[in-house]
Amino acid sequence: MHAFPHTLIHAARTAELAAEAASWRLAHEAAAATAPAVPALRYRLGAALISAGVRLLEPAQVHAHLHARVQQRAA
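Residues numbered from 1 in each chain as written. Predicted model: local features only at pLDDT ≥ 70, side-chain atom pairs only at ≥ 80, totals over all residues. Heavy atoms only, no water.

A. Highlighting the overall build of the protein. Counting its secondary structure elements, the protein contains two helices and zero strands. Looking at the protein residue by residue over its 75 residues, the buried ones come to 0%. When the accessible surface of the protein is summed, it comes to about 6,900 Å², and 71% of that surface belongs to carbon and sulfur atoms. (Helix = DSSP H or I, 4+ residues; strand = E, 2+ residues; numbered from the N terminus. Buried < 20%, exposed > 50% of the residue type's maximum accessible area, 1.4 Å probe, protein only. Areas by Shrake-Rupley, 256 points an atom, 1.4 Å probe, with all protein chains shown as cover.)

B. Representation of the pattern of salt bridges. Under the definition given, this model contains one salt bridge. Glu 16 is the partner of Arg 13 in a salt bridge, and the nearest nitrogen-oxygen pair spans 3.2 Å. Placement of both Arg 13 and Glu 16 in helix H1 (residues 3-34) is noted, with a separation of three residues, approximately one turn of the helix. A residue is classified by how much of its surface remains accessible, and Arg 13, at 44% relative accessible area, is partly exposed. A relative accessible area of 47% means that Glu 16 is categorised as partly exposed. (Salt bridge = Lys/Arg side-chain N within 4 Å of Asp/Glu carboxyl O.)

Right, dumping it as structure tokens:
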């Protein structure tokens, strides 16, 4: 009667350890698969931010240029 609960406890603990090992292995495989992509993503994000900043500044530059041309023609 004592051996039966011991066997169940042992089986449950073995299942927990197997699940933990499997999740650890999957997490490390996923991390290894995404690690090379991180610098490329960082580069693309930086390029997108610079491009957006340039586009935000363009209207102000165009407006200033047109304003200067209008003033030159008026003078």
